[in-house]
Amino acid sequence: MYRFMVDCMKSVGVVESHAGQLADVLIEADVRGHYSHGLNRLDMYIKDCQKKVCKTDGVPKILKERAGTAWVDGLSLLGPVVGNFCMDLAVKKAKETGVGWVCAKGSNHYGIAGWYVMRAMKEGVMAMSFTNTSPIQYPTRASVPALGTNPMAIGVNGTGDDHFLLDMATTTVAIGKVEIAKRRGESVPETWGVEKGGKLSTNPETILGGGGLFPLGGSEVTEMNTWTNELYWIAEWIQTSGTGYVYPLCFPSHGQIYWIRLQDCTLLVGFRRLQRLWPRRDGGNLLRNPKRCTLGSAHPQVDVGDN
């Protein structure tokens, strides 16, 4: 499969090193079960090169740089080439200064966001990867698309072989999943997308033919509700993996706020009116008998939950 992908890209003028980087990302996507971003995407990259959307050779250029940050011009090269360059640069800076933030322009579709996070995790650092896309997301009750699928990935190494890796679109599903359904002649769940104008559709043809996708959480569910669930899983993993500590703090009438201690990094994560407690791997709950809070004369009294 690797040789086939490389040969296909070389046939449209892509240098072998760039073709190899693309093949690595596509194969990893298929291996991990993200078939929408594996071999399924090869045709798109070939056409982009044929249409001169992507340049077939070159090296990304650093436009501005500081100790812990950099701005990169991808020069319209293949997305994986730009993505690898930026993540390697970010890892280098993180090892030297403690943090590395790299932003790129002039890039193209870079495959699964998780590839770059895993690349960094192999170097022993915590990593995040984000990208925007062309507008295809219909915000709640909208009649035209306004946002992209805008995927994100976050990865943290745990103790031993344990690790946490989140790789997701910020729409209900990646558009490639709709493409797969179209090829199979199948309908899609009614929570996935809309036809042109914003009317719900289960037909991949109409979703891809001028329609679009629902935002994360569905048509009438706010994104914050879904983010609460995702962040709760992150907190649960940190607590059970031994990577850090999670202390639940209770604020009256303000939902839950968690103090997360992750090695040398402290985060405060707020959850508005948390409705459910996710089970832990050991069968218990992340929160066990959280203490109630009482109002003082001027400020809420904060008690650490019994965890």
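All of the points below concern the structure found in this document. (Residues numbered from 1 in each chain as written. Predicted model: local features only at pLDDT ≥ 70, side-chain atom pairs only at ≥ 80, totals over all residues. Heavy atoms only, no water.)

### Considering the overall build of the protein
Okay, so step 1: Across its full length, the protein holds eight helices and twelve strands.
Okay, so step 2: The buried share among the 307 residues of the protein stands at 41%.
Okay, so step 3: When contacts within the protein are restricted to residue pairs at least 6 apart in sequence, those whose partners lie at least 24 apart make up 53%.
Okay, so step 4: In the form shown here, the protein has an accessible surface area of approximately 16500 Å², with 53% of it arising from carbon and sulfur atoms. (Helix = DSSP H or I, 4+ residues; strand = E, 2+ residues; numbered from the N terminus. Buried < 20%, exposed > 50% of the residue type's maximum accessible area, 1.4 Å probe, protein only. Contact = heavy atoms within 4.5 Å. Areas by Shrake-Rupley, 256 points an atom, 1.4 Å probe, with all protein chains shown as cover.)

### Observations regarding the side chain of Asn-40
Okay, so step 1: Secondary-structure assignment places Asn-40 in the loop between helix H2 (16-31) and helix H3 (42-50).
Okay, so step 2: Judged by relative accessible area, Asn-40 falls into the buried class, the value being 9%.
Okay, so step 3: In this structure the side chain of Asn-40 is engaged in a polar contact, spanning 3.0 Å, whose partner is the backbone oxygen of Ser-36.
Okay, so step 4: Here Arg-183 takes part through its side chain, which lies 2.8 Å from a polar atom of the side chain of Asn-40. (Polar contact = N/O pair within 3.5 Å; in protein donor to acceptor, adjacent residues only side chain to side chain.)

### So, the sheet that holds strand S7 (residues 193-194)
Okay, so step 1: With respect to topology, three strands assemble into an open sheet ordered S8-S7-S9, the strand pairing being antiparallel. At either end of the open sheet lies a strand with only one pairing partner, and these are strand S8 (200-201) and strand S9 (212-213).
Okay, so step 2: The pairing of S7 with S8 spans two bridges and is classified as antiparallel. Looking across to S8, one finds that Val-194 is bridged to Leu-200. (Pairing = 2+ DSSP bridges.)

### Focus: the sheet that holds strand S5 (residues 152-157)
Okay, so step 1: Here we have three strands laid out as an open sheet, ordered S4-S5-S6, and antiparallel in their pairing. Of all strands in the sheet, those bounded by a partner on one side alone are strand S4 (127-130) and strand S6 (163-168). The mean angle between the axes of side-by-side strands here comes to 5°, regardless of whether they run parallel or antiparallel.
Okay, so step 2: Pairing of S4 with S5 involves four bridges; the strand directions are antiparallel. Within S5, the position partnered with Ala-127 by the bridge is Gly-155. (Axes fitted to C-alpha atoms, helices over the stretch in contact; angles between N-to-C directions.)

### A short note on the pairing of strand S1 (residues 61-65)
Okay, so step 1: Taken together, the four bridges between S1 and strand S2 (residues 69-73) define a ladder with antiparallel strand orientation. When the sheet's bridge partners are listed, Lys-61 is paired in S2 with Asp-73.
Okay, so step 2: With antiparallel pairing between neighbouring strands as the criterion, S1 and S2 make up a hairpin whose turn holds three residues.

### Quick notes on the packing of helix H4 (residues 79-97) against helix H5 (residues 114-121)
Okay, so step 1: At a minimum axis separation of 10 Å, H4 and H5 run at an interaxial angle of 35°. For the pair H4 and H5, the sense of crossing is right-handed. The segment H4 lies against H5, with Gly-79, Pro-80, Gly-83, Asn-84, Met-87, Asp-88 and Val-91 engaging Trp-115, Tyr-116, Val-117, Arg-119 and Ala-120. (Left-handed = near helix turned anticlockwise from the far one by under 90°.)

### Quick look at the nonpolar core
Taken as a class, soluble globular proteins show a tendency for nonpolar side chains to be buried jointly.
Okay, so step 1: If you look at the biggest cluster of nonpolar residues, it comprises 23 residues, and the most contacted ones within it are Met-9, Val-14, Leu-42, Cys-49 and Leu-78.
Okay, so step 2: Elements supplying a minimum of two residues to this core: helix H1 (2-10), H2, H3, S2 and H4.
Okay, so step 3: Among the domains, domain 1 (1-56) and domain 2 (58-172 + 214-244 + 260-270) are the pair contributing at least three residues each to this core.
Okay, so step 4: Excluding residues that lie within four positions of it along the chain, Met-9 makes contacts with Val-14, Ala-19, Leu-22, Leu-42, Tyr-45, Ile-46, Cys-49 and Leu-78.
Okay, so step 5: Counting 16 residues, the second-largest nonpolar core is a separate cluster that includes Val-91, Tyr-110, Met-121 and Ala-153. (Core = buried A, V, L, I, M, F, W, Y, C linked by side-chain atoms within 4.5 Å. Domains from an automatic or database assignment.)

### A look at the side chain of His-37
Okay, so step 1: Within the secondary structure layout, His-37 lies in the loop between H2 and H3.
Okay, so step 2: Polar contacts involving the side chain of His-37 include one to the side chain of Ser-36, which spans 2.8 Å.
Okay, so step 3: Ignoring anything within four residues of it in the chain, the contact list for His-37 reads Leu-26, Ala-29, His-109, Gly-111, Ile-112 and Ala-174.

These figures capture arrangement, not role.
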